[in-house]
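Analysis of the macromolecular model
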Amino acid sequence: MTADLIGLVTDTFGDLVGRDPEGVWSAPGRVNLIGEHTDYNAGLCLPIALPQRTYVAAGARSDGRLRVTSITPGRRPSHAEVALTEISREHPGSWGGYVAGVLWALLAEGYAVGGLDLVLTSAVPVGAGLSSSAALTCSVAAAASDVYRLGLLDTDEGRRVLIAATIRAENEIAGAPTGGMDQTAALLSRPGHALRLDFRSGEVTPVPVDLSSAGMVLLVCDTRASHALNDGQYAERRSSCERAAATLGVPSLRELSVADLPRVERELDQVDARRVRHVVTEIHRVDACIQSLRDGDMEEAGRLFVASHESLRDDYEVSCAELDAVVEEAVAAGAPGARMTGGGFGGSAIALVPVDEVDVVTSAIETRFSREGWNEPHCFTATPGSAAYRDV
Ligand code: ADP
Ligand code: MG
């Protein structure tokens, strides 16, 4: 699979550009194990890099232009082109903004990048909450750093520069609100580890994740639910949290603990109090989940997954019927735990599943979706993969 995709971008680059690329770079999608809607509350989360990656073949151009082609097997290739000096929210617009935004952000930070030819393809499902967007921006950032000899891939410090640039690319050029979890996972993950991200201190701590010695696998299920990710809802949740923090007199909800919840319920209206309860209990669950993973206690990790899902469903109100159904079916078929992952309103769910039960759980989910008349879900198992690197 990996070799096929590297071959595909290399060959297409040769056909379109008329020379060999200088190399191929890739970056992974991610899935968050626990800690949802906590990033903008200075909280904690725990993503892993997926085995699925976006691959980009790259070569320098001397005319200061970016020319990029995205290929999806079975579909017509999509092209975007822009002069580096003309990159903005409108130019080149659409998906090209994610790519151009990376070069724009590196230039804005004072890094001397120039024109590029790029041909890319992705194994990360697009728009499924598995961060195809960061896989795209981070693979392009890796390529730009090496082609222009910036050396930013070589150290964690350099990689943090690329994280900042890819966040700016999404926020300021692609126009997508994103808190930094995806880009950090794509650039700092290690195989066999999740990353504990602390959005108050900026600390990034690798946490070993060895499900197989406990006889478990992580099942990821892209619901393919067609709800547009509801930006209005996301903004509303964010402003609930900001309003609540201001009323309670704290810089962020991170400063609260479970012991503060009675006061929260007294001082806030019911809806805001429920939003706060989700954030505070979810942050607490992240470290509890890390402890259960360290102990190899899968029942406890599963219980925390379910508690997280219920909190997102009932207190934060960002789940949907398809996500709830994945969790119900997985647990009924023998998973110790399951939860929605990502922002919600569609996207993907994850389940901790005994290795022998993967087929049973998957078919229970598929049967339910077919009975409900929903899109066919796409379920696959995932182990924690690597951050961005040069493939060839
Ligand atoms: P997610 O990151 O969860 O997959 P987003 O909405 O954040 O969802 O990002 C999806 C967007 O990223 C797509 O609509 C497209 O603009 C861009 N994108 C991601 N992967 C590719 C790709 N391989 N080719 C072109 N655009 C892509
Ligand atoms: Mg994204």
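Residues numbered from 1 in each chain as written. Chains lettered and ligands numbered in written order. Predicted model: local features only at pLDDT ≥ 70, side-chain atom pairs only at ≥ 80, totals over all residues. Heavy atoms only, no water.

**Description of the overall build of the protein chain**
A count of helical and extended segments in the protein chain gives eleven helices and 13 strands. Here the C-alpha radius of gyration of the protein chain, 21 Å, is about what a compact globule of 392 residues would show, namely 21 Å. Principal-axis analysis of the C-alpha atoms places the extent of the protein chain at approximately 65 × 50 × 40 Å. For the protein chain, the residues scored as buried account for 57% of the 392 residues in total. Once local pairs closer than 6 in sequence are excluded, the contacts in the protein chain between residues at least 24 apart make up 71%. Carbon and sulfur atoms form 47% of the exposed surface of the protein chain, whose accessible area is close to 15,800 Å². (Helix = DSSP H or I, 4+ residues; strand = E, 2+ residues; numbered from the N terminus. Rg over C-alpha atoms; globule rule 2.2 N^0.38 Å. Buried < 20%, exposed > 50% of the residue type's maximum accessible area, 1.4 Å probe, protein only. Contact = heavy atoms within 4.5 Å. Areas by Shrake-Rupley, 256 points an atom, 1.4 Å probe, with all protein chains shown as cover.)

**Notes on unusual backbone geometry**
Note that the residue after H91, namely P92, is joined by a cis bond; omega there is 0°. As for its placement among the helices and strands, P92 is situated in the loop between β5 (78-83) and α2 (96-108). Located in the positive-phi region is S131, a residue other than glycine, with phi close to 65°. Considering the arrangement of structural elements, one finds S131 in the loop between β6 (115-122) and α3 (132-147). For R224, which is not glycine, the phi torsion reads 50° and is therefore positive. Along the polypeptide, R224 turns up in the loop between β9 (216-222) and α6 (231-248).

**Some thoughts on the site of ligand 1**
Residues in contact with ligand 1 amount to 15 residues; listed here are only the nearest, S70, G127, G129, S132 and S133. Here an oxygen atom of ligand 1 and a backbone polar atom of G127 are 2.8 Å apart. Between ligand 1 and S132 there is a distance of 2.6 Å, counted from an oxygen atom to a side-chain nitrogen or oxygen. When ligand 1 sits alone it has 570 Å² of accessible area, and the protein chains cover 73% of it. Elements with a contribution of two residues or more to the shell around ligand 1: β6 and α3. Counting residues per element, the shell around ligand 1 draws most heavily on α3, at three residues. (Near = heavy atom within 4 Å. Polar contact = N/O pair within 3.5 Å; in protein donor to acceptor, adjacent residues only side chain to side chain.)

**Quick notes on the packing of helix α10 (residues 321-332) against helix α11 (residues 358-372)**
Close contact between α10 and α11 brings their axes to 9 Å; oriented N to C, the two are set at 140°. Comparing their axes, α11 and α10 come out oblique. Viewed along their axes, α10 and α11 form a crossing whose handedness is right-handed. In this structure, α10 contributes E322, A325, V326, E328, E329 and A330 to the contact, and α11 contributes V361, A364, I365, R368, F369 and R371. For the contact of α10 with α11, the per-class residue count stands at seven nonpolar, no polar and five charged. (Axes fitted to C-alpha atoms, helices over the stretch in contact; angles between N-to-C directions. Parallel < 35°, antiparallel > 145°, perpendicular 65-115°, else oblique. Left-handed = near helix turned anticlockwise from the far one by under 90°. Nonpolar A, V, L, I, M, F, W, Y, C, P; charged D, E, K, R; others polar.)

Such coordinate-based values are descriptive only and should not be taken to indicate function.
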